[in-house]
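The lines below spell out each chain.
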Amino acid sequence: MRILAIDQGTTNTKALLIDDQGRILARASAPLTTSYPHPGWAEQSAADIWASVQSVIARIVVDTGPQIDAVAIANQRETLVAWDSQTSAPICPAPIWQCRRTAKASAALIAAGHDPFVVARTGLGINPLFPAGKAAWVLDHVPAARDLLAQGRLRMGTVDSWLLWNLTGGATFATDHSNASRTQLFDTETLAFSPDLARIFGADISCLPTPLPSDSRFGTTAAGATTLPPGIPVHAMMGDSHAALYGHGIRKPGAVKATYGTGSSLMTLTPARTASNHGLSGTIAWTDRHGTAHALEGNITVSAQAAAFMAGLLGLPDAAALSALAQTVPDSAGVSFVPALAGLGAPHWSDAARGTISGMTHGTKPAHLARATFEAIAHQIADVFEAMQADTGQRLSTFSADGGASGNAFLMQLQADLIDRPVRVSRIEEIGAFGVAGMAMAAMGGTLAPLSDATMATPQMDPAIRYDARDRWARAIRQATG
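Rules behind the numbers
- Residues numbered from 1 in each chain as written.
- Predicted model: local features only at pLDDT ≥ 70, side-chain atom pairs only at ≥ 80, totals over all residues.
- Heavy atoms only, no water.
- Helix = DSSP H or I, 4+ residues; strand = E, 2+ residues; numbered from the N terminus.
- Buried < 20%, exposed > 50% of the residue type's maximum accessible area, 1.4 Å probe, protein only.
- Contact = heavy atoms within 4.5 Å.
- Polar contact = N/O pair within 3.5 Å; in protein donor to acceptor, adjacent residues only side chain to side chain.
- Pairing = 2+ DSSP bridges.
- Axes fitted to C-alpha atoms, helices over the stretch in contact; angles between N-to-C directions.
- Core = buried A, V, L, I, M, F, W, Y, C linked by side-chain atoms within 4.5 Å.
- Parallel < 35°, antiparallel > 145°, perpendicular 65-115°, else oblique.
- Left-handed = near helix turned anticlockwise from the far one by under 90°.
- Nonpolar A, V, L, I, M, F, W, Y, C, P; charged D, E, K, R; others polar.

1. Focus on the environment of serine 264
Inspection of the secondary structure puts serine 264 in strand E16 (residues 264–270). On the accessibility criterion, serine 264 (3% relative accessible area) is buried. Expressed as a C-alpha distance, the spacing of serine 264 and serine 303, which sit 39 residues apart in the sequence, is 5.6 Å. Discounting chain neighbours no more than four positions away, the residues touching serine 264 are Thr259, Gly298, Asn299, Ile300, Ser303 and Ile381. At 2.6 Å, the side chain of serine 264 and the side chain of serine 303 are in polar contact.

This is how it looks when you write it as structure tokens:
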């Protein structure tokens, strides 16, 4: 059995062709760009997202031929695409998960007292991260939106629904429960989009996709949509973070996965719907033939992206050069960098926070700033990890890492030291693609062989040094948040 798994991310789109032995038969990647037209805004071209998917599929087919049993989709979450069902043309750029254009509207809803109701229904605190506010923004600011809504032609959905629409030639307008649970318009108990939630945000559920279990047979490829032959089933869809959790083989509570990307996501399974008291979100991990798997998640807005930012600030070519510089000093000499370049996400949730560098002296060198950047990535992860332990009331002993930055052994050692846990690092970057391929194979009655040969970083930091480092970081967070 051969599954074509698409992993559509913020900085690039990847595709893997995977067989049931867990072998990667082919891989392809295509870059994407993000625009920042106004302070706090972040958006991408939905047409470019689809073109990147067409590109990676074409390369896989050229390399291996069209013998593919199913397509599976993992995708960047909380990005909203709006399009005309008649033309399949996007009506505006897609505000991505990082976009803060709805910050004032979100603050007004919180001030009006809506947050407790929204959290109770969705597990998510009101925040510009989520698509609900973005959907209202499109209706209010994009001239064509309300006319298309009145005509029944407006479609709004997360990236999975946009890709599915195009793969099936417009035959299927659907999403999976994991992606739906991140919209803040989806009731995670009834597993349906909620008119009550839509009214709060000023959105409309009539233009939203049909929510289905993650292992559904979502439709089949249409002739001419890509270089794939028609009739191949799309047999699994999951948000990328959820797919990564599945790809690590985590099926029960007690383990955490962390994805190190532009931002970062930590996720841990819970026995049932769980409300957070420590700045995390309740979410649906996935739904399949076994039922609904629930989880707690913490989303960090700027994670590995901080390394690229600091590299540019110091005039270095890339994050690899920054890492090499960071390792020339034994510590940051008291320097702390809080990369609140677009506010702070979990567990602090401060839109007003801004990036700060503190603790500099006459002895501060570029290498100290470089090291403080990698420490910041690891500290943010540690903050969410500690919040997860507080919410679950248990010691989380297994920590699995994936994503591009997880390939940096220096960072993974810092992470193990700061959380005082071994860090198991996936041997492939595209763990989300691997996970959603596994979901598709299970749905088709097969089994995907698990990944092996992960690398491991074990804690080496003296407890007193760890305590001082975490205390200094906490002070830096307080400074960044005012």
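2. A short note on the sheet that holds strand E13 (residues 219–220)
Across the sheet, which stays open at both edges, the six strands sit in the order E3-E2-E1-E5-E14-E13 with mixed pairing between neighbours. Sheet topology places strand E3 (24–31) and E13 at the edges, where each strand pairs with a single neighbour. Here six bridges tie strand E1 (residues 2–8) to strand E5 (residues 70–75), and the two strands are oriented parallel to one another. Paired with isoleucine 6 across the bridge in E5 is isoleucine 73. Packing against the sheet, helix H1 (residues 46–64) makes contact with E1, strand E2 (12–19) and E3, and its axis sits at approximately 150 degrees to E3.

3. Digging into unusual backbone geometry
With an omega of -5 degrees, the peptide bond running from alanine 346 to proline 347 counts as cis. Inspection of the secondary structure puts proline 347 in the loop between strand E19 (336–338) and strand E20 (356–358). Positive phi, close to 60 degrees, is recorded for serine 88, a residue that is not glycine. One can find serine 88 in the loop between strand E6 (81–84) and strand E7 (94–95). Look at serine 88 and you get partly exposed, because its relative accessible area is 26%. Positive phi is not limited to glycine here, since leucine 191 has a value of about 60 degrees.

4. What about the nonpolar core?
Counting 44 residues, the largest nonpolar core has Tyr260, Leu266, Phe374, Phe399, Leu411, Met412 and Val423 as its most contacted members. No other element matches the twelve residues that helix H12 (residues 366–392) contributes to this core. Once you skip the residues sitting within four places of it in the chain, leucine 411 turns out to touch Tyr260, Phe374, Ile377, Ala378 and Ala405. By size, the runner-up hydrophobic cluster in this structure holds 35 residues, among which are Ile6, Ile57, Val81 and Trp165.

5. Quick look at the packing of helix H11 (residues 319–326) against H12
Interhelical geometry of H11 versus H12 gives an angle of 110 degrees and a closest axis separation of 8 Å. If you check the angle between H11 and H12, you find them roughly perpendicular. Both H11 and H12 take part in a crossing whose hand is left-handed. Facing Ala319, Leu322, Ser323, Leu325 and Ala326 of H11, the residues of H12 in contact are Pro366, Ala367, Ala370, Arg371, Thr373 and Phe374. Its residues placed into classes, the contact of H11 with H12 shows eight nonpolar, two polar and one charged.

6. Thoughts on the sheet that holds E16
Taken in spatial order, the seven strands make up an open sheet running E17-E18-E16-E15-E21-E22-E23, and their pairing is mixed. In the strand order of this sheet, the two ends are held by strand E17 (281–288) and strand E23 (455–457), each with one partner. For this sheet, the mean angle separating the axes of adjacent strands, direction not counted, is 30 degrees. One ladder, built from three bridges, connects strand E21 (residues 398–402) with strand E22 (residues 423–425); its direction is parallel. When the sheet's bridge partners are listed, phenylalanine 399 is paired in E22 with valine 423.

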